[in-house]
Amino acid sequence: MLIDTDDFVTQRIAENEVLAPEKTALIIIDMMNRFCNPVWLAQGNHERAEWFARELDYVIPNVTDALHIFREAGALVVHAVCARWTLDKRDAPLHMRERDYDLFDTPAMSVIEQLAPLPGEMLIRKTTGSVFTGTGLDYLLHQAGIENVVLCGQYGSACVFYSLIQSRELGFKQRVWLEDCILYSSEVSKHLFPALVGQHWATLANREEVARALVPVSAPAG
């Protein structure tokens, strides 16, 4: 039985809220060829493979749309990929060394074609869950004057969530959970995590709400 989250009080982005493009970054996490393969994600379970296929058919076009929104607004875009540097996986955390991750920049561990980075967009290579652990991304974002981060990708119950927690501790003022652009590992996580995140950790928003908010500070919102 799914947990009843109807009574959870969550925070949503306000209708008049402004996310200045020069201070806002979209962070797309782990949307790589291998990680967007429903058969690989399901690890041999046919029903889960079908579930992942449906979810990816929903999430990938939405992330693509969000990417276009940020590009048109002139806001910073960050692509994060997870893989390994060494052949023997010595650079990976202990709990991740048994996973069948290839080396960085191999086709399997590269961003899917629909979301391929353009010149001027950041590509962060991580061996861990969070985009901030061991990558220097927090330094780069602060150097670029970024105050707000909009998070999407996969999984909402793992790497996106870990990144969100660290973004709060690293002092980013506004943290947006792009709810229609996040893949989860299960139906339970899909139901539970937005309610938890919206209570304590981030502001919930869909891509239409973010597009409305993503206007220059000199321009009137709406």
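These notes cover the structure that comes with them. These numbers were taken from a predicted model, which means no experiment stands behind them. In this numbering scheme, every chain counts its residues from 1 along its sequence in written order. Where totals are concerned, whole chains, interfaces and linings use all residues; where local detail is concerned, this predicted model gives features only for residues with pLDDT of at least 70, and gives and counts side-chain atom pairs only at 80 or more. Computation of side-chain values: all heavy atoms of the structure, hydrogens and water removed.

## Some words on the pattern of salt bridges
So, point 1. Whenever a carboxyl oxygen of Asp or Glu lies within 4 Å of a side-chain nitrogen of Lys or Arg, that contact is scored as a salt bridge. Summed over the entire model, instances satisfying the criterion amount to twelve salt bridges.
So, point 2. Residues E179 and R12 are paired through a salt bridge, measuring 2.6 Å at the closest nitrogen-oxygen approach. Pair noted here: E179 is in strand 5 (residues 174–183) and R12 is in the segment before strand 1 (24–29), with a separation of 167 residues, a long-range link.
So, point 3. Partly exposed describes any residue whose relative accessible area lies between the buried limit of under 20% and the exposed limit of over 50%, with all areas from a 1.4 Å probe on protein chains only and scaled to the type maximum. Residue classification places R12 among the partly exposed positions, given a relative accessible area of 37%.
So, point 4. The partner of R90 in a salt bridge is D88, and the shortest N-O contact between them spans 2.8 Å.
So, point 5. On the accessibility criterion, R90 (60% relative accessible area) is exposed. A run of H or I in DSSP counts as a helix once it spans at least four residues, and a run of E counts as a strand once it spans at least two, with each numbered from the N terminus.

## Some remarks on the pairing of strand 1
Two faces belong to every sheet, and in a regular strand the side chains alternate between them.
So, point 1. Of all six residues that make up strand 1, six are buried, and the element is covered over most of its length.
So, point 2. Burial along strand 1 is two-sided: the residues T24, L26 and I28 and A25, I27 and I29 are all buried.
So, point 3. Relative to strand 4 (residues 148–154), strand 1 is paired through six bridges, and the arrangement is parallel. Of the residues in strand 4, the one forming a bridge with I27 is L151. The criterion for strand pairing is that DSSP finds at least two bridges linking the strands in question.

## Examining the packing of aromatic side chains
So, point 1. Pairing of aromatic rings covers Phe, Tyr and Trp, the last through its six-membered ring, and needs centres within 6.5 Å; plane angles under 30 degrees mean stacked, over 60 mean edge-to-face, and all others mean tilted. Counted by the stated rule, this structure contains eight aromatic pairs.
So, point 2. Both rings, one in F52 and one in Y155, keep their centres 6.3 Å apart while their planes meet at 20°; by these two values the pair is stacked. With a gap of 103 residues between them, F52 in helix 2 (residues 46–73) and Y155 in the loop between strand 4 and helix 4 (159–169) connect regions that are remote in the sequence. The two residues F52 and Y155 agree in class, both being buried.
So, point 3. Plain terms: the ring middles of W85 and F104 are 4.4 Å apart, the flat faces sit at 45° to each other, and that makes the pair tilted. Of this pair, W85 sits in the loop between strand 2 (76–82) and strand 3 (122–126) while F104 sits in the loop between strand 2 and strand 3, and the two are 19 residues apart along the sequence.
So, point 4. Ring-pair connections join several aromatic residues into one group, and the members of that group are F35, W40 and Y101.

## Brief notes about the sheet that holds strand 1
Strand pairing in a sheet relies on backbone hydrogen bonds. The paired strands run either parallel or antiparallel.
So, point 1. Here six strands make up an open sheet; going across it, the order is 3-2-1-4-5-6 and the pairing parallel. Edge strands, defined here as strands with exactly one partner in the open sheet, are strand 3 and strand 6 (203–205). Adjacent strand axes in the sheet meet at a mean angle of 25° when their direction is disregarded.
So, point 2. Sheet topology places strand 5 next to strand 6; three bridges connect them, and they run parallel. Fitted lines through C-alpha atoms serve as axes, helices being fitted only where they are in contact, and the angles separating the N-to-C directions of these axes extend from 0 to 180 degrees.

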